[in-house]
Amino acid sequence: MKEEHTMGVGSMAHKVLSSKLVSADSSGSTAVICLVTPSLVACANLGDSRAVLLARKGGSDDDIDDPSAPLSLHALPLSFDHKPELESEKQRVEAAGGLVKGMNVAPDKDSAPVLIWRVYPREGTADSLAMTRALGDFAYKRKLGLGVEEQMIIPLPDVHLHPRGPADEFLVLACDGVWDVFSNDEIAVYVENHVNATRDGGRKSTYLAELADDIVKESMRRGSRDNITALVVRLRAPDDGERRTLFM
């Protein structure tokens, strides 16, 4: 499954890069995709969008909708960011003629600077990317004599398979504007607190949408200035027949 998915993306990328229509297009995007089946969750990611599975601690079968049993969650990463500081990614970028440089950036006026690594297509250019895999960004994918998987920025995803268990409760998929200010563990605590706070008063059918919206707002409150998108998926349908839905 992993090999077939990766080969499919690579074949499509080759066709796109061969087209003259993309020569003037400088746009690009990261991606994270989860396929949920009864037995597993398959996650494919490009760049620094991320998927995290939240499971009940201890693998318990406690009912999330039971107000007498407060929910306790822990985070299981389903993807890993493709960043320039990763040695394997850095080696490919530099072998393709790109540069990897670090710069200190303060998230806001009240925060200390943070070292951010970026990919530059050549010396002396201001154009740069904060990730090493993406869709689009064709200016970083046109090194003559190199295959799709050897370019500075590549469109080949990593695929991770997670066997589903009875403790699996939520998926959180979000782009880098969320993960710039939330760690995986912090998202687990945030979702846990939100769910527990809505137990006693009765949970609305829109609580997943409200939760995703709250993650976006909290990311902005914490100072994130990047793209911010969050999606929350409930993996286990409750006994009352509430339908499982995706909210963005």
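Data block above holds the structure.
The rules behind these values
Each residue is numbered by its place in its chain's sequence as written, counting from 1. Per-residue local features of the predicted model are confined to residues with pLDDT of at least 70, and side-chain atom pairs are confined, for both listing and counting, to 80 or more; whole-chain, interface and lining totals are unaffected and use all residues. As a rule here, side-chain values cover all heavy atoms of the structure and leave hydrogens and water aside. For every residue, the accessible area obtained with a 1.4 Å probe (protein chains only) is divided by the maximum for its type, and the residue is called buried under 20%, exposed over 50%, and partly exposed between those limits. Put simply, DSSP H or I for four residues or longer makes a helix, DSSP E for two residues or longer makes a strand, and each gets a number counted from the N terminus. Starting at the helix axis, one direction is taken to each C-beta atom, and the arc is that of these directions. Any two residues having at least one pair of non-hydrogen atoms within 4.5 Å are treated as being in contact. Geometry of aromatic contacts follows a simple scheme: Phe, Tyr and Trp rings, the Trp one being its six-membered ring, pair when their centres are within 6.5 Å, and the pair is stacked under 30 degrees between planes, edge-to-face over 60, tilted otherwise. Note on geometry: a ring has a charge over it if NZ (lysine) or CZ (arginine) is within 6 Å of the ring centre and within 35 degrees of the ring normal. Helix span, expected: 1.5 Å multiplied by one less than the number of residues in the helix. Being paired, for any two strands, means DSSP has found at least two bridges between them. Helix axes use the C-alpha atoms of the stretch in contact, all axes being lines fitted to C-alpha atoms, and the angles between their N-to-C directions lie in the range 0 to 180 degrees. Any carboxyl oxygen of Asp or Glu within 4 Å of a side-chain nitrogen of Lys or Arg constitutes a salt bridge here. N or O atoms within 3.5 Å of each other form a polar contact, as long as, within protein, one can give a hydrogen and the other can take it, and as long as residues adjacent in sequence are counted only when both atoms are side-chain atoms. Within the patch definition used here, like charges are joined within 9 Å and nonpolar side chains (Val, Leu, Ile, Met, Phe, Trp, Tyr) within 5 Å, considering only residues with over 30% relative accessible area and no salt bridge. All accessible areas in this document rest on Shrake-Rupley with a 1.4 Å probe, and a residue is counted as covered only by the protein chains that are shown. Residue types Ala, Val, Leu, Ile, Met, Phe, Trp, Tyr and Cys, when buried and joined through side-chain atoms within 4.5 Å, form a set referred to as a nonpolar core.

Draft legend 1. Quick peek at helix α2 (residues 87-95). Among the residues making up α2, those that are buried are Glu89, Arg92 and Val93. Viewed end-on, α2 has its buried residues packed into an arc of 100°, placing them on one side of the element. Along α2, exposed side chains directed more than 90 degrees from the buried face belong to Ser88 and Ala95. Each element contacted by the buried residues of α2 is listed here: β6 (99-105) and β7 (114-120). Gly97, located one to two residues past α2, shows a positive phi value of around 95°.

Draft legend 2. Summary view of the environment of Ala167. Relative to the helices and strands, Ala167 is located in the loop between β9 (158-163) and β10 (168-174). The exposure class of Ala167 is buried, given its relative accessible area of 9%.

Draft legend 3. Highlighting the packing of aromatic side chains. As enumerated under the stated definition, the model contains one aromatic pair in all. Arranged with centres 5.6 Å apart and planes meeting at 70°, the rings of Phe182 and Tyr190 form a pair that is edge-to-face. The buried category is assigned to Phe182, whose relative accessible area is 2%. Directly above the ring of Phe182 sits Arg222, whose terminal nitrogen or CZ lies 3.9 Å from the centroid.

Draft legend 4. Representation of unusual backbone geometry. Look at Asp137: it is not a glycine, yet its phi comes out positive at around 50°. By the element assignment, Asp137 lies in the loop between β8 (135-136) and β9.

Draft legend 5. Inspection of helix α5 (residues 207-221) at higher detail. Given a rise of 1.5 Å per residue, 15 residues ought to cover 21 Å, and the 20 Å separating the end C-alpha atoms of α5 matches this to within 8%. Within α5 the residues assigned to the buried category are Tyr207, Leu208, Leu211, Ala212, Ile215, Val216, Glu218 and Ser219. Among the residues trailing α5, Gly223 stands out with phi positive, at a value near 105°.

Draft legend 6. Structural view of the sheet that holds strand β3 (residues 40-46). One open sheet holds the three strands; their spatial order is β2-β3-β9, and the pairing between them is antiparallel. Two strands close off the open sheet at either side, each with one partner strand: β2 (31-36) and β9. On average, adjacent strands in this sheet sit at an angle of 15° to one another, irrespective of strand direction. As judged from the six bridges shared by β3 and β9, these two strands associate in the antiparallel manner. Its bridge partner being in β9, Val41 is matched across the sheet by His162.

Draft legend 7. Local environment of the pattern of salt bridges. Tallied over the entire structure, the rule returns 11 salt bridges. For the salt bridge of Arg234 with Glu169, the shortest nitrogen-to-oxygen distance reads 3.5 Å. In this pair, Arg234 sits in strand β11 (residues 230-234) while Glu169 sits in strand β10, placing the two residues 65 residues apart along the sequence. Exposure class is identical for Arg234 and Glu169. Each is buried. For Lys217, the salt bridge is made with Asp213, and the minimal N-O distance between the two is 3.0 Å.

Draft legend 8. How the structure looks around the side chain of Arg234. Judged by its relative accessible area of 3%, Arg234 falls in the buried class. Side chain to side chain, Arg234 and Tyr207 meet in a polar contact 3.2 Å long.

Draft legend 9. Representation of a nonpolar patch on the surface within the structure. Nonpolar side chains collect at one region of the surface, where Met103, Val105, Val114 and Ile116 lie side by side and expose about 270 Å² of accessible area between them. At the level of secondary structure, the elements contributing two or more residues to the nonpolar patch comprise β6 and β7. Among the structural elements, Val105 can be located in strand β6.

Draft legend 10. Local environment of the nonpolar core. Of all hydrophobic cores here, the largest spans 25 residues; its most connected members are Leu54, Phe170, Val178, Trp179, Ile187 and Val191. Of all the secondary structure elements, the ones that give two or more residues to this core are β4 (50-56), β5 (73-77), β10, α3 (176-179), α4 (184-197), α5 and β11. Here this core gets six residues from one element, more than from any other, and that element is α5. One finds Ala51, Leu78, Leu171 and Leu231 within the second-largest nonpolar core, a separate group that totals 13 residues.

By themselves, these observations are geometric and do not establish any function.
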